[in-house]
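# Descriptive analysis of the structure
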Amino acid sequence: MSSVVKLSNELLTTEDTENAIHMDDQLRTEFNEWARAGKGDSMERGHRPVGEQAIARMNVRSDARVLDVGCGSGWATRLLAGSAINGRVTGIDISDEMVRVAREASQSYPNVDFQVASAEQLPFDTDEFTHAFSMESLYYYRNIPKGLSEIHRVLENGGLFVAVVDMYWESETTHQWAENLNVPVQLISVREYRELFTAAGFMNVNDERILDPRPVPDDYTSGSFKSREDFVKYREAGSLMISGEAKK
Ligand SMILES: C[S@@+](CC[C@H](N)C(=O)[O-])C[C@H]1O[C@@H](n2cnc3c(N)ncnc32)[C@H](O)[C@@H]1O
């Protein structure tokens, strides 16, 4: 596992705290730029075909209380709100610009709200949610165990957490993102994700690969991969969906 993954019960020094503030600022600055550049919409186009399949597996009932962690422009938050019609869906994101975009796009949704917050310090009560979802967000957390333990804390007993990541060890052509992104990320394996979920208190931990059904264009030239061949390999590896139920 990457050495930057810190266990949540480690004692924090002043230097650790300063580093944490610096890393959160770095994430906020980077994703604020993404939001201003309209990347919220392009992420929706990129993530939605897989995200919809993951959300369909959640069986969100009409009175559910759902948390979308690292919600970006809030497309998944709104999608979840279509199921939790008598409940509530809350999106949180460390980027205030992403939250502004999400709020603006969600004005016609009475059961949706957004907050600027870090996954590692969720501003919610214990047992507040029945479900939590996270799309392409987990590997940005400076302290994944702390983020998972916060998500576990705010879920009620038996509450379901479903996370999807595209960058993971077994998807080899995504490894270059770890160097090319402007913020630190954690490249970890399926087994390590499973162990992190279990250590945070989740039971019935399950991993699955979800495929994007869209054809790869013949003329694919640019984007997040250096060649069409690498993009095809990424599509074949699929997105990793990892889920667990909060055990209390
Ligand atoms: C790749 S984007 C995905 C956004 C959205 N889930 C989607 O699928 O379009 C990752 C998002 O996670 C947010 N994020 C990263 N680290 C975070 C943290 N520690 N706490 C909360 N949000 C975080 C970023 O600001 C960004 O909006």
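Attention here is on the structure that accompanies the text. (Residues numbered from 1 in each chain as written. Predicted model: local features only at pLDDT ≥ 70, side-chain atom pairs only at ≥ 80, totals over all residues.)

## What about the overall build of the protein chain?
- Secondary structure assignment for the protein chain yields eight helices and seven strands.
- Relative to a compact globule of 248 residues, whose C-alpha radius of gyration would be 18 Å, the protein chain shows 17 Å and is just as compact.
- Evaluated residue by residue, the protein chain yields a buried proportion of 40% over its 248 residues.
- Considering only contacts within the protein chain whose residues lie at least 6 apart along the sequence, 72% involve residues at least 24 apart. (Helix = DSSP H or I, 4+ residues; strand = E, 2+ residues; numbered from the N terminus. Rg over C-alpha atoms; globule rule 2.2 N^0.38 Å. Buried ≥ 20, exposed ≤ 12 C-beta atoms within 10 Å, placed from the backbone. Contact = placed C-beta atoms within 7 Å.)

## Thoughts on the site of the ligand
- In the vicinity of the ligand there are 23 residues, among which Phe31, Met43, Gly70, Gly72 and Ala119 approach most closely.
- Looking at the shell around the ligand element by element, the count peaks at three residues for helix α2 (residues 39-56).
- When grouped by side-chain class, the residues that make up the shell around the ligand number twelve nonpolar, seven polar and four charged. (Near = placed C-beta within 6 Å. Nonpolar A, V, L, I, M, F, W, Y, C, P; charged D, E, K, R; others polar.)

## As for the packing of helix α5 (residues 144-154) against helix α7 (residues 190-199)
- Contact pair α5 / α7: the axes reach a minimum separation of 9 Å and the direction vectors enclose 50 degrees. Regarding the angle of α5 to α7, the classification is oblique. For α5 against α7, the interelement crossing comes out right-handed. Only Leu196, Phe197 and Ala199 of α7 make contact with α5, whose side of the interface consists of Ile144, Pro145 and Leu148.
- Of the residues that constitute the contact of α5 with α7, the class distribution is six nonpolar, no polar and no charged. (Axes fitted to C-alpha atoms, helices over the stretch in contact; angles between N-to-C directions. Parallel < 35°, antiparallel > 145°, perpendicular 65-115°, else oblique. Left-handed = near helix turned anticlockwise from the far one by under 90°.)

## Quick word on the sheet that holds strand β1 (residues 65-69)
- Read from one edge of the open sheet, seven strands run β3-β2-β1-β4-β5-β7-β6, paired in mixed fashion. Edge strands, defined here as strands with exactly one partner in the open sheet, are β3 (112-116) and β6 (202-210). Each adjacent strand pair in this sheet contributes to an overall mean axis angle of 15 degrees, direction not counted.
- Where strand β5 (residues 155-165) meets strand β7 (residues 239-246), six bridges bridge the pair, whose relative direction is antiparallel. Along β7, the bridge assignment pairs Val164 with Met241. (Pairing = 2+ DSSP bridges.)

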